[in-house]
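Coordinate inspection notes
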Amino acid sequence: MLSRYLYVLGARVDRVDDLVQEVFVLVLQKGFEDRGPAAAGAFLRGVAKNMLLRERRSRAARREVELADETWRVQCGDAGDDDHRIEALRQCVDGLPAKGRDLLQRCYGDGAGRAALGAEFGMVADGVKTALRRLRAGLRACVERRLRGEA
Amino acid sequence: MNAQVVAERARERMLSAEIAAVLQVELASVDAVGVTAPRRRSAWLAAAVVVLGTAIACGVAWLQQRDARLAQEPEPQPSSREWLGKQPQDAEVPPLPSLLLSSLFVSSVVEPVVLPGEGPIRGLAHVDGLVWLARGDALLAFDPASGKVVRQRSLPAGLLGLAADERFLYVLEKDAVTLFDPLALEPMRSLPLPEHEADGPARAICCRGDQVCVAFGRRIVAIDRRSGEVHELPPGPTGMQWLACDGKALWGGEERRIVKLADAGGARPMEAMDLPRTMTVQRGAGVFVGDQLLGAFDFTDGAGAPQHVAGYVRLDAMIAAPEECLSIKIHADQQGVKYEVGPKPIRQLARVQLELQRIVQDPRSMIPGPNGKRVLIPIVLQAYPGVRVEDLAAAWDVALAVGFEQVYCPQVEVARRRAASAKGK
């Protein structure tokens, strides 16, 4: 979860794992009082954000981190945990037509390129990109519907 | 970058991270597949040129202004008693500013400016160099230097007050404070207000650091913007209509006064500036623009007619006037100096000392301090025409010697501040 949070805040994907490591090292060095999962999550996110902010020199870049943090809070609610969102997304992916699910798996899971996917699914390369964009927009809408309690 | 763009990008990244979790693949696998158009290199180049040019221009301007700025660095100011000691001892004590003694024009306390919009004032806030004004049915953003309106939208429903920190606008509502992004003017999230049924409705709001301060009647709370944790602050005066923060201290406005509120540690008592007697504020708002307090007041004049004034409040007219105090009035007449310690007239300074020693021993002289501990009642000295500086200074020293820690003289404080202000100019 911490790696997802850092990624949403704008951390480069090749830095995310290092940052997560640094967060845990720092927390272990400084000591940590266990007050339950919610408090622990909030604490770790706070440390992670500060660590990321330290890497951002400019005011604008720091502001972007803060805005992304606000977005995370808005999207994940008071608990700050995204488990319920992932469960909702899982259900949405399960509900996709087989072709959409395959496209998602081949593209993200297997790392197939657009040309290969185009040949496989009978589309041009740009069509794959458009299909992927629509797929993502549909998944976002589906997650939001489910979180609002609409099936 | 536009806040909406940043938020949208964060939502896209959130979806990517969640897809990676659902498909049980590395984040890098999802991140590598771009679905949005990459930024054009020419845009980066143009941005770099602009940034470099701006940096050079700023550097040159900074070097040019450095000497002037260093010359303007404020010197540490002496206390009122120290300042009094440096005045000619046989001179007469400066009189109280006339605004405290008689009805004066509003301009004695406010340097007027014209605020945009129409209708009653509902709130003022300052963020990113712009002043936001909630007035009538509109929320307006204007440049305080030129007065030019740069943004305008309809007022959020249920707005009771307005505040801002470095990034967000905070709209006070009946049961919550809603954060607005000032760029997108979209609500970001809400902070619930603590229970306040017993204290009355929420009336005023301001931001201090990471805290959002809200007043319900006399009760003032500081809500942590991030955690929502609520801290109680020392109570303010009754009938507070607005709150503002100068970066450290909180200020509030009542019907007839502007007050600098006590701090949580009890190091600073409440101070107050009386408004002219003809001015009864019905609705007010205030915000610090730099170190200047910009206020807007809908008030009734001496004849009861509704009036409006807005402008920068002359804080040099501020006087130190504790809420509960022991008054020592000093008169000069043909027989010499006469002291009135409370209601008691005394001729000799030695007897003033004895009277103050008696008062120090009296348990009733201990009053609740801002931090809950009991403290000795403050003393306010008031010198009438003809009283010399050395007589006032002697009475001041006696009060300090007896053990009173808080001794004020409003007229000396005003004179000291005016002298410091004149020296600065």
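Please refer to the structure higher up on the page.
Residues numbered from 1 in each chain as written. Chains lettered and ligands numbered in written order. Predicted model: local features only at pLDDT ≥ 70, side-chain atom pairs only at ≥ 80, totals over all residues. Heavy atoms only, no water.

**A closer look at unusual backbone geometry**
Residue and element names in this part refer to chain B. The phi angle at Q24 is positive, at roughly 55°, despite the residue not being glycine. Looking at the secondary structure, you find Q24 in the loop between α1 (3–23) and α2 (27–31). For D128, which is not glycine, the phi torsion reads 55° and is therefore positive. Structurally, D128 is set in the loop between β2 (121–127) and β3 (130–135). (Helix = DSSP H or I, 4+ residues; strand = E, 2+ residues; numbered from the N terminus.)

**Thoughts on the sheet that holds strand β1 (residues 110–112) of chain B**
Residues and elements named next belong to chain B. Judged by pairing direction, the sheet is antiparallel, and its 4 strands sit side by side in the order β1-β20-β19-β18 without closing on themselves. The open sheet has two edge strands with one neighbour each: β1 and β18 (280–289). Here the strands of the sheet are splayed against their neighbours by 35° on average, with no regard to which way each runs. Across 7 bridges, strand β19 (residues 292–300) lies against strand β20 (residues 306–313) in antiparallel orientation. Paired with F299 across the strands is Q307, a residue of β20. (Pairing = 2+ DSSP bridges. Axes fitted to C-alpha atoms, helices over the stretch in contact; angles between N-to-C directions.)

**Focus: the interface of chain A and chain B**
Opposite the 40 residues of chain A that make contact, chain B presents 38 residues. Both faces considered, chain A and chain B share a buried interface measuring about 3900 Å² in area, 61% of it formed by carbon and sulfur atoms. Run the count over chain A and chain B and you get 10 salt bridges. With a shortest N-O distance of 3.0 Å, E64 of chain A and R9 of chain B are connected by a salt bridge. Counting every contact that joins chain A to chain B gives 11 residue pairs in polar contact (both at pLDDT 80 or more). When residues of the side of chain A that touches chain B are traced back to their parent elements, those giving at least two are α1 (2–8), α2 (13–30), α4 (59–76), α5 (83–94), α6 (98–109) and α8 (125–147) of chain A. (Contact = heavy atoms within 4.5 Å. Buried area = accessible area lost by both parts, 1.4 Å probe. Salt bridge = Lys/Arg side-chain N within 4 Å of Asp/Glu carboxyl O. Polar contact = N/O pair within 3.5 Å; in protein donor to acceptor, adjacent residues only side chain to side chain.)

**Some remarks on the sheet that holds strand β26 (residues 379–383) of chain B**
Residues and elements named next belong to chain B. Strand order in the open sheet formed by 5 strands is β23-β22-β21-β26-β27, and the pairing between neighbours is mixed. In the strand order of this sheet, the two ends are held by β23 (344–346) and β27 (407–408), each with one partner. Where strand β21 (residues 326–333) lies against β26, 5 bridges are found, and the strand directions are parallel. Of the residues in β26, the one forming a bridge with I330 is A383. The sheet strands contacting helix α6 (residues 349–361) are β21, β22 (336–341), β23 and β26, and the helix crosses β22 at an angle near 10°. Each of β21, β22, β26 and β27 is contacted by helix α7 (residues 389–402), which is oriented at about 170° to β26, the strand it contacts most.

**Section: the state of the cysteines**
Should the sulfur atoms of two cysteines be covalently bonded, the bond is a disulfide. Residue and element names in this part refer to chain A. As enumerated under the stated definition, the model contains 1 disulfide over all chains in all. One disulfide bridge connects C92 with C142, the sulfur atoms lying 2.0 Å from each other. The S-S bond linking C92 to C142 shows a torsion near -90°; that makes this disulfide left-handed. Taken together, the residues C92 in helix α5 and C142 in helix α8 connect sequence positions 50 residues apart. (Disulfide = S-S within 2.5 Å.)

**Quick look at the pairing of strand β14 (residues 242–245) of chain B**
All names here are of chain B. Burial along β14 is two-sided: the face carrying W242 and A244 and the face carrying L243 and C245 are both buried. Examined bridge by bridge, β14 and strand β15 (residues 250–253) share 4 bridges and lie antiparallel to one another. Each bridged residue has a counterpart across the sheet, and for C245 the counterpart in β15 is L250. Connecting β14 to the antiparallel partner β15 that follows it, the hairpin turn spans 4 residues, and G247 within it adopts a positive phi of roughly 110°. (Buried < 20%, exposed > 50% of the residue type's maximum accessible area, 1.4 Å probe, protein only.)

**Considerations on the packing of aromatic side chains**
Taken as a whole and judged by the stated rule, the model has 3 aromatic pairs over all chains. Summarising the aromatic geometry, the rings of W242 of chain B and F297 of chain B are spaced 6.4 Å apart at their centres and angled 55° between planes, so their arrangement reads as tilted. Of this pair, W242 of chain B sits in strand β14 while F297 of chain B is found in strand β19, placing the two residues 55 residues apart along the sequence. When its relative accessible area of 1% is taken as the criterion, F297 of chain B is described as buried. Summarising the aromatic geometry, the rings of W251 of chain B and F288 of chain B are spaced 5.6 Å apart at their centres and angled 55° between planes, so their arrangement reads as tilted. Linking W251 of chain B in strand β15 with F288 of chain B in strand β18, this pair joins segments that are 37 residues apart in sequence. The residues W251 of chain B and F288 of chain B share a single accessibility class, namely buried. Over the ring of Y7 of chain A we find R13 of chain B; its NZ or CZ atom is 4.1 Å from the centre of that ring. (Phe/Tyr/Trp six-rings, centres within 6.5 Å; stacked < 30°, edge-to-face > 60°. Lys NZ or Arg CZ within 6 Å of the ring centre and 35° of its normal.)

**Section: the pairing of β3 of chain B**
All names here are of chain B. With 5 of its 6 residues buried, β3 lies for the most part within the structure. Pairing between β2 and β3: 6 bridges, direction antiparallel. Within the sheet, the bridge partner assigned to A125 lies in β3 and is W132. Counted along the chain from β2 to the antiparallel partner β3, the turn is 2 residues long, and its residue D128 has a positive phi close to 55°. The antiparallel hairpin formed by β3 and strand β4 (residues 138–142) contains 2 residues in its connecting segment, where G136 sits at a positive phi of about 60°.

**A closer look at α6 of chain A**
For α6 of chain A, the full list of buried residues reads G100, L103, L104, C107 and Y108 of chain A. Projected down its long axis, α6 of chain A shows its buried positions confined to an angular sector of 100°, all on one face. Buried residues along α6 of chain A sit in contact with α5, α7 (114–121) and α8 of chain A together with α1 and α2 of chain B. A positive backbone phi angle near 70° is found at G111 of chain A, which sits one or two residues after α6 of chain A. (Arc of directions from axis to C-beta.)

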